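Coordinate analysis (summary)
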Amino acid sequence: MSPPVAPPGWSRWLVPPAALSVHLSIGQAYAWSVFKPPLESALGLSGTQSALPFQLGIVMLGLSAAFGGTLVERHGPRWAMTVALVCFSSGFLLSALGAATEQYWLIVLGYGFVGGIGLGIGYISPVSTLIKWFPDRPGMATGIAIMGFGGGALIASPWSAQMLESFGTDNSGIALAFLVHGLAYAVFMLLGVLLVRVPRPRTGADGAPAVLEGVQVSARGAMRTPQFWLLWVVLCTNVTAGIGILEKAAPMITDFFADTSTPVSVTAAAGFVALLSAANMAGRIGWSSASDLIGRKNIYRVYLGVGALMYTLIALFGDSSKPLFVLCALVVLSFYGGGFATVPAYLKDLFGTYQVGAIHGRLLTAWSTAGVLGPLIVNWIADRQEEAGKHGAALYGTSFVIMIGLLAVGFVANELVRPVHPRHHVSAAPAGKEAVDVPRQQPESA
């Protein structure tokens, strides 16, 4: 499948809606918790077992983005969106079959493995195309699309809950809900497949293809640079800090104020989770757009430095003031979303546009790591503290100190990022053609 080239006069503002149609769909992953209680009741699962499809999906997101990034660059966004559509929708259809036949392994295989591949390929499918269409505002462009992934749950959560209420929460009702999801998302993602276009190759004054400008580094070359691994640490620490609150948000705010005169109700805790999702989504477009104005390194200084301050305030004063607790958590979650949306533009600044999608895919292994690390830190320590007889805010003190330390590590890693050494640059090639992945030779004195 050849990348579809935009005809003359085609508006670049049609690309963000194409990206959003994919990201709003795969963002359903953040709404998996809606299916957990019905699955546990219908199939006799434990909480750990019912979380397995989501966990495997996030792992496969990182792995498929890492291994499929080069293919996305080679075949273009339409190919990638088509693969994402097929895998993500097929994952729901397999899950529907698993629920109908009470074969939970099919749900794990479908939603977690097959659907997770769709998550990864779909997540990176529009990134390099958006950066090429919006070289003047790459942070804003990627923020618009990646905002959809954060906001997908805001649509999917009430929609899924309403379907389960209408169809029932037994295995047949769950199966029907999975089936509707698979078919509906296929149609919605198809809009992106049909709409997406890549820019026409630029030409020079003599009519020849223009060469790629500025620093250009291949995906293979990028992984040999310290900059790539420093950004890996930056992304991993920022995501770990955010997901540590997001994954346990409702019980966390309940625990913090359980021993006060104004405990948090179940309804209020659910509202808090919704607020966090909104902050996550708003941060993706707001902070990433701000990075176009103040620079990528500076915005990550905010994410990591101010994020550590927010965690400190929660640890010291969070149980004495609900507004302070909520405000600090909202800021941390806005940084969590903003970090995802800003990192493609940061990669573009360092490595150029040549294979930025493939580089981004490899960097998302940091997300897979953080997706395990963040919940593990918060939940394991809370369980140990509870066994020791502690309760309330004391369950989280140690984990918050660890999060502050991780954010400090990320802050230092960001400070160490420098421009990529010329020895890692690829030789120039006409735009739209393959550059030669041969490091530029340096003088012997270099």
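Scroll up a little and you will see the structure.
Let me sum up the structure you'll find in this document. (Residues numbered from 1 in each chain as written. Predicted model: local features only at pLDDT ≥ 70, side-chain atom pairs only at ≥ 80, totals over all residues. Heavy atoms only, no water.)

Think of two packed helices as two axes; the pair is described by the angle between the axes and how far apart they sit. Remark: helix H14 (residues 322-351) packs on helix H15 (residues 356-363), axes separated minimally by 10 Å, with the N-to-C direction vectors making an angle of 125°. In terms of orientation, H14 and H15 fall into the oblique class. The way H14 lies across H15 gives a crossing that is right-handed. Seen from H14, the contacting residues are Val343, Pro344, Leu347, Lys348 and Phe351; seen from H15, they are Val356, Ile359, His360 and Leu363. The class makeup of the residues in the contact of H14 with H15 is seven nonpolar, one polar and one charged. (Axes fitted to C-alpha atoms, helices over the stretch in contact; angles between N-to-C directions. Helix = DSSP H or I, 4+ residues; strand = E, 2+ residues; numbered from the N terminus. Parallel < 35°, antiparallel > 145°, perpendicular 65-115°, else oblique. Left-handed = near helix turned anticlockwise from the far one by under 90°. Contact = heavy atoms within 4.5 Å. Nonpolar A, V, L, I, M, F, W, Y, C, P; charged D, E, K, R; others polar.)

Our next topic: the pattern of salt bridges. Where charged atoms from two side chains of opposite charge approach closely, those side chains can pair. Under the defined criterion, the tally for this structure stands at seven salt bridges. Linking Arg296 and Asp349 is a salt bridge whose minimum nitrogen-to-oxygen distance equals 2.8 Å. Taken together, the residues Arg296 in helix H13 (residues 296-317) and Asp349 in helix H14 connect sequence positions 53 residues apart. A relative accessible area of 39% places Asp349 in the partly exposed class. Salt bridges sharing common partners tie together Arg12, Asp136 and Arg137. (Salt bridge = Lys/Arg side-chain N within 4 Å of Asp/Glu carboxyl O. Buried < 20%, exposed > 50% of the residue type's maximum accessible area, 1.4 Å probe, protein only.)

Our focus in this paragraph is the packing of helix H3 (residues 47-75) against helix H16 (residues 365-387). Relative orientation of the contacting elements H3 and H16 amounts to 165°, with a least axis distance of 7 Å. As far as their axial angle goes, H16 and H3 are roughly antiparallel. Relative to H16, H3 is oriented so that their crossing is left-handed. Across from Ile58, Val59, Leu61, Gly62, Leu63 and Ala66 in H3, the residues of H16 making contact are Thr365, Trp367 and Ser368. Among the residues making up the contact of H3 with H16, the classes are represented as six nonpolar, three polar and no charged.

Next up on the list: the environment of Gly91. For Gly91, the position within the fold is in helix H4 (residues 77-101). Judged by its relative accessible area of 1%, Gly91 is buried. Counting along the chain gives 77 residues from Gly91 to Gly168, while the straight-line C-alpha distance between them is 21 Å. With near-sequence residues (within four places) excluded, Gly91 lies in contact with Gly110, Tyr111, Val114 and Gly115.

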